[in-house]
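Each chain, letter by letter, is given below.
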Amino acid sequence: MRVLIFSPQFEKGAFELLQKDLACSLNKFGVKVYTLNTHKSLVKNNSFNSSLIQNGVTKVFFIDLATNPNLFQLLVGVFKLRLLLKKEKIDIIETSSESLSIFTILSCLGTKIYHVVGIHKIYNKKYLKNNYFKELFFLLLTKLRSRIYFYAVSNFSKKSWVNFSKTNNKKVKVIYNSIKPRENKQDKKQFKKQFFREFKIPINTKLILSAGRICFHKRQDFIIESLSPILIERNINLLFIGEYDLGTQESLETKNRINLLIKKYNLQSKIKFCGFREDIKEIMSIADVFVHSTLTESFGLVLLEAMSEGLPIVSTNVDAIPEIVSEPDNYLVDINESEAFRNCVLSALNRNNKYYLEVSKRNKNIAKDKKYSSNQRTKEMFKYFQRILDT
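In this report, we go over the structure that sits alongside the text. (Residues numbered from 1 in each chain as written. Predicted model: local features only at pLDDT ≥ 70, side-chain atom pairs only at ≥ 80, totals over all residues. Heavy atoms only, no water.)

Topic: the overall build of the chain
Point 1. Summing up its helical and strand segments, the chain has 15 helices and 13 strands in all.
Point 2. The C-alpha radius of gyration computed for the chain amounts to 22 Å, which stays within 12% of the reference 21 Å derived for 391 residues, consistent with globular compactness.
Point 3. Within the chain, the fraction of its 391 residues that count as buried is 54%.
Point 4. Element-wise, carbon and sulfur atoms account for 51% of the exposed surface of the chain, whose accessible area totals about 18,700 Å².
Point 5. Averaging the locations of the 63 positively and 37 negatively charged side chains of the chain gives two centres separated by 5 Å. (Helix = DSSP H or I, 4+ residues; strand = E, 2+ residues; numbered from the N terminus. Rg over C-alpha atoms; globule rule 2.2 N^0.38 Å. Buried < 20%, exposed > 50% of the residue type's maximum accessible area, 1.4 Å probe, protein only. Areas by Shrake-Rupley, 256 points an atom, 1.4 Å probe, with all protein chains shown as cover. Lys, Arg positive; Asp, Glu negative; His and termini not counted. Charge placed at Lys NZ, Arg CZ, Asp CG, Glu CD.)

Right under this line is the structure:
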């Protein structure tokens, strides 16, 4: 079996890192794995290439593909990918990004190559102002090939895609996202002391944590407005981990609204923006509660990671989140209930130590479930690929 994992990059991002993990794990099942990336910055990164090869990848490839290619660039890219697929005798190509899935479908037309597409979003949520034309174009292209299959990262995302696309239920398999436990656990007290000093946070402060791209549908502005009264009145800090995603006008407006809210409530000393962090799990381990205010969620990987560190969750009750996050240990709130969101955060912070530790233990046990392990995900993907080739 020869499998090509096609991704923009493998350095950060939820589905990108999952693709990298899959690429470095499938060789355990005798699969010859090839990777293809589009980021120019990786072309001359010898250490990156060597790392993949050392971890079982057979060959590492790059293709110069613009983020929004014109027709000529698209045709050249399609030609290059077709040549690569033919030369390396690829059996299956896996994609997780909608844009690269569209590009791959065009490249595979008329071939016998199987294409497996990861469904990492919820479809037909028009109020999110997604590119609905792009979704429809993707849907149309999927109907042009019989050798296209899908895996969805939750039952909800599978239902969403099947309802939207009318794809045969048998061609969509649920394979959950996976997380890995921290390998090198630092001294918690020492790390907390260093981290609080870095961000000038008083050591006895309660820490509310949020992680993810700062953008329109993640609604970090909702979190700030909801929690502003308790941030002002109590010894609490709010910490955001993640980079700004300013790819849409709505996300740019979210950033502006965040700045206005911080100024309005005079929260400059109470809110910290950390950007992208490699030590996110260590930061989770010293926080007191994790908050998530998204309008849509196909799985909730960051929620599972927070639970693996024992954090109680306060989240909006949307899409696949109830599949991962259980009540009453954690709190699920309707998307527009700002006061309820704040009260749930207070409730989580006010739990006595014994109950807090019990919740922490139960959340850790949920995150340890075999179905969320990297090994199980790789095994399920391999079995799915094998089943597809055997049809």
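From this point, things continue past the structure.
Describing the pairing of strand β2 (residues 32-37)
Point 1. With respect to burial, β2 is a largely interior element, five of its six residues being buried.
Point 2. Here strand β1 (residues 2-7) runs beside β2; their pairing, made up of six bridges, is parallel. Following the sheet pairing, Arg2 is matched in β2 by Lys32.
Point 3. In terms of handedness, the path from β1 via helix α1 (residues 14-23) over to β2 forms a crossover that is right-handed.
Point 4. Across four bridges, the pairing between β2 and strand β3 (residues 59-62) is parallel. What sits directly across from Thr35, in β3, is Val60. (Pairing = 2+ DSSP bridges. Right-handed = clockwise from strand over helix to strand, strands pointing away.)

Let's talk about a positive patch on the surface
Point 1. Residues Lys185, Lys188, Lys361, Lys364 and Lys368 make up a contiguous surface patch of positive charge.
Point 2. Checked against the element boundaries, Lys364 lands in helix α14 (residues 353-367). (Patch = residues over 30% accessible without salt bridge, like charges linked within 9 Å, V, L, I, M, F, W, Y side chains within 5 Å. Salt bridge = Lys/Arg side-chain N within 4 Å of Asp/Glu carboxyl O.)

Side note on unusual backbone geometry
Point 1. The linkage connecting Glu327 with the following residue, Pro328, adopts the cis geometry, with an omega of 5 degrees.
Point 2. For Pro328, the location among the structural elements is in the loop between α12 (321-324) and β13 (331-333).
Point 3. In this structure, Lys166 is a non-glycine residue whose phi angle is positive, near 60 degrees.
Point 4. Residue Asn266 is not a glycine yet carries a positive backbone phi of 55 degrees.
Point 5. Relative to the helices and strands, Asn266 is located in the loop between α9 (249-264) and β10 (271-273).
Point 6. Relative accessible area serves as the criterion here: at 59%, Asn266 is assigned to the exposed category.

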